[in-house]
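A look at the structure
Below, each chain spelled out in residue letters.
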Amino acid sequence: MDKSMLGDLGTLPPEDQARMSTMIEQLQVRDSLRMYNTLVERCFTDCVDTFRRKTLDKQEETCVKRCAEKFLKHSMRVGMRFAELNQGAATQDE
């Protein structure tokens, strides 16, 4: 996470800085896991029709790859757009 979004953590006592860093890391892990779980659930639901085999057939595998790529590109674009909006809001506040 970009520390500029949180203000100046340097003004906090060291124990509070450590606590904030731990909280930020936990939030990042949670968000990463949430995104991964959403990706798996969405692509599995959209692409896997039957359980004929232990492995995916070629069509299912292609669908899952496309779904994952599309999901990740979308997530990256949303994140970039959010950062742009955040930057614009920070600039207006100055």
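Above this text you will find the structure in question.
A brief structural summary. (Residues numbered from 1 in each chain as written. Predicted model: local features only at pLDDT ≥ 70, side-chain atom pairs only at ≥ 80, totals over all residues. Heavy atoms only, no water.)

A short note on the nonpolar core
Just so we agree on the cut-off: We call a set of buried Ala, Val, Leu, Ile, Met, Phe, Trp, Tyr and Cys residues a nonpolar core when their side-chain atoms join them within 4.5 Å. Working definition: with a 1.4 Å probe on protein chains only, accessible area under 20% of the residue-type maximum means buried, over 50% means exposed, and in between means partly exposed. Here a helix means four or more residues in a row that DSSP labels H or I, a strand means two or more in a row labelled E, and each is numbered from the N terminus.
Counting residues in each nonpolar core, the largest one holds six residues, listed as Leu39, Cys43, Cys47, Cys67, Ala68 and Phe71. At the level of secondary structure, the elements contributing two or more residues to this core comprise helix H1 (14–47) and helix H2 (58–93).

Section: the state of the cysteines
By definition, a disulfide links the sulfur atoms of two cysteine residues through a covalent bond. To keep it simple, the criterion reads: When two cysteine sulfur atoms are found within 2.5 Å, that pair is recorded as a disulfide.
A full pass over the atoms with the stated rule returns two disulfides. Sulfur-sulfur distance for the disulfide between cysteine 43 and cysteine 67 comes to 2.0 Å. Around the S-S axis, the bridge from cysteine 43 to cysteine 67 shows a dihedral of about -90 degrees and counts as left-handed. With cysteine 43 in helix H1 and cysteine 67 in helix H2, this residue pair connects regions lying 24 residues apart in the sequence. Here cysteine 43 and cysteine 67 have matching classes, each one buried. Disulfide pairing places cysteine 47 opposite cysteine 63 at an S-S distance of 2.1 Å. Since a negative S-S torsion denotes a left-handed disulfide, the cysteine 47-cysteine 63 link at about -70 degrees is left-handed. Residue cysteine 47 is located in helix H1, and its partner cysteine 63 is located in helix H2; the two are separated by 16 residues in the primary sequence. Of the residues examined, cysteine 47 reaches a relative accessible area of 4% and is grouped as buried. Cysteine 63 gets classed as partly exposed once you look at its relative accessible area, which sits at 29%. Sequential numbering of the bridged cysteines in the protein gives the disulfide pattern 1-4, 2-3.

Thoughts on the side chain of glutamate 60
The test is simple: Charged residues are defined narrowly, with Lys and Arg counted positive, Asp and Glu counted negative, and His plus the chain ends left uncounted. Counted as salt bridges are all cases of a side-chain nitrogen of Lys or Arg within 4 Å of a carboxyl oxygen of Asp or Glu. Residue contacts are counted whenever heavy atoms from the two residues lie within 4.5 Å of one another.
Tracing the backbone shows glutamate 60 in helix H2. Despite its burial, glutamate 60 pairs with no opposite charge; the closest candidate is arginine 52, at 4.6 Å N-O. Those residues in contact with glutamate 60 that lie beyond four places of it in its chain are Cys47, Val48, Asp49 and Thr50.

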